[in-house]
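Below are the chains, spelled out letter by letter.
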Amino acid sequence: MSNTLKKVLIVLGVVGLMVGSRFIAGMDEIPPISIAPEVVFRVAGYPVTNSLLLTLLADVLLVGLAFVATRKLRNGEGLVPRGLQNFAEMSVEGIYNLCRSVDRRNVDRFFAIAATIFFFVLFSNWLALLPGMGSIGVCRTHEQALVNPVHLEEQPVESPLEGAAPGEHTAEEHAAGPCGVDDEGHELVLVPLFRSPSADLNMTLALALISFFVTEYFGFKAFGLGYLGKFFNFKEGPIMAGVGILELISEFVRIIAFTFRLFGNIFAGEVVLLVMAFLLPWLLPLPFYGFEVFVGFIQAFIFMILTVAFIAMALTPHHPHGEVHEHPTPS
Amino acid sequence: MLALFLPILLEITDAGLRLLATGLAVGLGAIGPGVGIGIAAAGALQAIGRNPEAEGTLRTTMFIGIAFAEALFIISLVIGFMIGFAII
Amino acid sequence: MENLGINVQLLISQIINFGLLAFLLYKFLYNPILNALNERTRRIQESIENAEQVKQQLQRARQDYDAQLAEARREAQSIIAQATERAKAQEQELVAEARERVARMEAEARERLEQERQQLLRNLQSEIADLVTRTASVVVRQQLDPKVHQKLIEESIQQLGRMN
């Protein structure tokens, strides 16, 4: 048997296996894709969503790892790093140097926030890629899984992206699903226990708001009310006034951009993985998993570096014509 | 001609139109920022190639530029969401 | 907004969560590590300075050593020179002494030789005198009286001395 033939046979076998997996392990239909996080259970009306659960898991992991990694350091030992401590030092130092390359003088003031953004986003992106994170779950009705309970008195406009309205399908059609129906005939859906917090607008919006307010806080702290002169700048002619107003708008657009950049990337990645797994369950999702690992890192990095850059911009004196301001103290 | 499209026209629903509008908004909105980000990254890479010492500053500036270009796409994405979820 | 799943309660919990996480990570991760890094930088700086000091000390020690070595060498040189000088002086002394002794011995030998010659001469005189007497007595065959005898001896000795 020639070498070429062997290779061709291997390739054919792999492709055949991939196609065959569609019939061996394939799904009948794509699981419902929800843009909003789903409620796993409620505590006194407070919706505990699956993304919140993964948030807590990421918190515990991060703090636990940090605690273990720096145990020796906090006891005043461990000047020769080993293992986990070495890795933690490497990452923290890398982020610190990156932040310092952006703004040398004020790095100590915003470093904690920037690094926390990076680690938290990274963990929430990567943890959601672990097997079982999107597939193990509990059965809930549509109403139970909704974050914001539908107000029955106001009839919402029917939207096409929210999935099938309960009225369109009868419960019997979905009885073959993984959850079936409950006693009263309501259709049950599988609510995954964990969902990436980055694919939840609450988390991304919260981070975007934090980034925005921290930036403005540093700006006001450094320049006082003179910080507003960057936006309401009517002394230097109409063009500069227009630029100032544009800056003001872009300041608020940042919130939306931060929110939807992270959300869009991670959510789209999850949808792509789901669709690929639906098309051919075996091997096809593999390159996309690799790509999602990369995207998860890049998004965490971009969120951090943009926050740092915006803070650095807010801390830069913005009047080129020599008006006296209280400059940030060099440290 | 009309006979060809009439059945389709009669089938058009609000939800279908919204789906179409969402897809168009996201798809069309991705063209410009895609080109823009490509140009920004290419320029930054050229600059780094010519002056490797300035890589730190260039990288940060490149990300800021990319963020501005990407903001346009994100706005169209948001518009798409808003159409799709019948907010506007 | 509601359709996108944004919920004020969840939003606030996420903000609080982030604040708490930032605080905990600051306390358990960034602060210890950055302190350790600073500490390490300080120590390395210190050890570099120490090494510099040690190097300087070493250099100084080497300079000292070199100086001492040079001094020792100089001293050794001078000692050798002194020794050579002394040896030379001693040699001269010895030579002088030997020469003196040789001279003395020569003088002694000459004196002894002179004495022995005198002795020999004296012995020879008496011997000759005796011999002459005997010869004379043989010749004369007569017993001269000792007075004439003595007179004759002395005359002949004097003659001999003159001839001599």
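The shown structure was predicted, so the numbers you read here are calculated from the model rather than taken from an experiment.

Draft legend 1. Molecular detail of the overall build of chain A. Scanning chain A from terminus to terminus reveals nine helices and four strands. For chain A, the succession of helices and strands along the chain, N to C, is α-β-β-α-α-α-α-β-α-β-α-α-α. Taken over 331 residues, chain A has a buried fraction of 44%. For chain A, the proportion of contacts with a sequence separation of at least 24, taken over those separated by at least 6, is 75%. Of the accessible surface of chain A, which amounts to about 17100 Å², a share of 68% is contributed by carbon and sulfur atoms.

Draft legend 2. Spatial organisation of the nonpolar core. Core analysis: the largest hydrophobic core is formed by 96 residues, its most contacted members being A:F111, A:F119, A:F260, C:L29 and C:Y30. Of all the secondary structure elements, the ones that give two or more residues to this core are α2 (50-69), α4 (83-102), α5 (107-127), α7 (201-223), α8 (237-279) and α9 (285-315) of chain A, α3 (55-84) of chain B together with α1 (8-140) of chain C. Excluding residues within four positions of it along the chain, C:L29 makes contact with A:A66, A:T70, A:A88, A:V92, A:F119 and C:L24. Core analysis: the next-biggest nonpolar cluster, separate from the first, contains ten residues, A:V48, A:L53, A:V189 and A:V191 among them.

Draft legend 3. Spotlight on α8(A). An ideal rise of 1.5 Å per residue puts 63 Å on 43 residues; α8(A) measures up with 59 Å between its terminal C-alpha atoms. At A:V253, α8(A) shows its largest kink, close to 30°.

Draft legend 4. Summary view of the pairing of strand β2 (residues 46-49) of chain A. Residues and elements named next belong to chain A. With four bridges connecting them, strand β1 (residues 39-43) and β2 associate as antiparallel partners. Within β2, the residue paired with R42 across the bridge is P47. Hairpin remark: β1 followed by β2, antiparallel, with two residues in the connecting loop; positive phi at A44, about 50°.

Draft legend 5. Region of interest: the packing of aromatic side chains. This structure, assessed with the given rule, holds 20 aromatic pairs over all chains. Between A:F67 and C:F28 the ring centres are 5.1 Å apart and the planes differ by 75°, which places this aromatic pair in the edge-to-face class. Remark: C:F28 occurs in helix α1 and A:F67 occurs in helix α2; the pair is interchain, linking two chains. For C:F28, a relative accessible area of 16% puts it in the buried group. Taking 6.4 Å as the distance between ring centres and 15° as the angle between the ring planes, the aromatic pair formed by A:F119 and C:Y30 counts as stacked. Placement of the pair is A:F119 in helix α5 and C:Y30 in helix α1, with the two residues belonging to separate chains. Put simply, the rings of A:Y96, A:F111, A:F118, A:F119, A:F297, A:F301, B:F63 and C:Y30 touch in pairs and so form one group of aromatic residues. Across from the ring centre of A:F278, 5.0 Å away, lies the NZ or CZ of A:R22, which sits over that ring. Across the ring face of A:F310, the terminal group of A:R254 is positioned such that the distance to the ring centre comes to 3.7 Å.

Draft legend 6. Representation of unusual backbone geometry. All names here are of chain A. Positive phi, normally seen in glycine, also occurs at A44, with a value near 50°. Within the element layout of this structure, A44 appears in the loop between β1 and β2. On the basis of relative accessibility, which here comes to 83%, the residue A44 falls in the exposed class.

Draft legend 7. A look at the interface of chain C and chain A. Counting residues at the interface gives 31 residues for chain C and 48 residues for chain A. Carbon and sulfur atoms supply 74% of the area that chain C and chain A bury against each other, a total of about 3600 Å² over both sides. Scanning the region where chain C abuts chain A turns up one salt bridge. A salt bridge links A:E89 to C:R40; the nearest nitrogen and oxygen atoms lie 2.8 Å apart. Between chain C and chain A we count eight residue pairs in polar contact (both at pLDDT 80 or more) in total. Here the residues of the side of chain C that touches chain A sort into 19 nonpolar, seven polar and five charged.

What counts and how
- Residues numbered from 1 in each chain as written.
- Chains lettered and ligands numbered in written order.
- Predicted model: local features only at pLDDT ≥ 70, side-chain atom pairs only at ≥ 80, totals over all residues.
- Heavy atoms only, no water.
- Helix = DSSP H or I, 4+ residues; strand = E, 2+ residues; numbered from the N terminus.
- Buried < 20%, exposed > 50% of the residue type's maximum accessible area, 1.4 Å probe, protein only.
- Contact = heavy atoms within 4.5 Å.
- Areas by Shrake-Rupley, 256 points an atom, 1.4 Å probe, with all protein chains shown as cover.
- Core = buried A, V, L, I, M, F, W, Y, C linked by side-chain atoms within 4.5 Å.
- Expected span 1.5 Å × (residues − 1).
- Bend = angle between axes of the 7 residues up to and from the residue.
- Pairing = 2+ DSSP bridges.
- Phe/Tyr/Trp six-rings, centres within 6.5 Å; stacked < 30°, edge-to-face > 60°.
- Lys NZ or Arg CZ within 6 Å of the ring centre and 35° of its normal.
- Buried area = accessible area lost by both parts, 1.4 Å probe.
- Salt bridge = Lys/Arg side-chain N within 4 Å of Asp/Glu carboxyl O.
- Polar contact = N/O pair within 3.5 Å; in protein donor to acceptor, adjacent residues only side chain to side chain.
- Nonpolar A, V, L, I, M, F, W, Y, C, P; charged D, E, K, R; others polar.

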